[in-house]
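Descriptive structure summary
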Amino acid sequence: MSSYGLMNLQREKEKIDRLVYDICSQYLHDPVTRSKYMIEERRVTSYYLDEYRYGKIDFGRAMDRLREYHMSLTKYHM
């Protein structure tokens, strides 16, 4: 694990977090549902970072998973 790789993965996670916030603001008006959705989405992205951090997957695979996840959320948002 490199700190440079972790920093790049963290940036990708932050892009996903911003998209999740936009989705919640636009589609989820109930505060409880919004909160649950945001927690679940952050759990997923944090899982990929942890997998990399603990050496279970390499940087490329972690980045691919985060980017695929971002693309699927983008499609949902559109």
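Residues numbered from 1 in each chain as written. Predicted model: local features only at pLDDT ≥ 70, side-chain atom pairs only at ≥ 80, totals over all residues. Heavy atoms only, no water.

Some remarks on the packing of aromatic side chains
For the coordinates displayed, the defined rule picks out two aromatic pairs. Between the aromatic rings of Tyr52 and Phe59, the centroid separation amounts to 6.2 Å while the plane-to-plane angle is 70°, which identifies the pairing as edge-to-face. The exposure class assigned to Tyr52 is buried, which follows from its relative accessible area of 6%. (Phe/Tyr/Trp six-rings, centres within 6.5 Å; stacked < 30°, edge-to-face > 60°. Buried < 20%, exposed > 50% of the residue type's maximum accessible area, 1.4 Å probe, protein only.)

As for the environment of His77
Note on placement: His77 falls in helix 3 (residues 59-77). The exposure class assigned to His77 is partly exposed, which follows from its relative accessible area of 22%. Sequence separation between His77 and Leu19 is 58 residues; the distance between their C-alpha atoms is 8.3 Å. Residues contacting His77, with those up to four places away along its chain left out, are Leu19, Asp22, Ile23, Gln26 and Tyr27. (Helix = DSSP H or I, 4+ residues; strand = E, 2+ residues; numbered from the N terminus. Contact = heavy atoms within 4.5 Å.)

With respect to the pattern of salt bridges
Pairs may arise between side chains of opposite charge once their charged atoms sit close together. Under the defined criterion, the tally for this structure stands at four salt bridges. The partner of Lys15 in a salt bridge is Glu12, with the nearest N and O atoms 3.5 Å apart. Within this pair, Lys15 and its partner Glu12 are both found in helix 1 (residues 3-27), separated by three residues, close to a single helical turn. Residue classification places Lys15 among the partly exposed positions, given a relative accessible area of 36%. Put simply, Arg53 and Asp50 hold a salt bridge, and the shortest N to O gap is 2.6 Å. Taken together, the residues Arg53 and Asp50, both in helix 2 (residues 31-53) and three residues apart, mark about one turn of the helix. A relative accessible area of 33% places Arg53 in the partly exposed class. (Salt bridge = Lys/Arg side-chain N within 4 Å of Asp/Glu carboxyl O.)

Geometric values such as these leave the question of function open.
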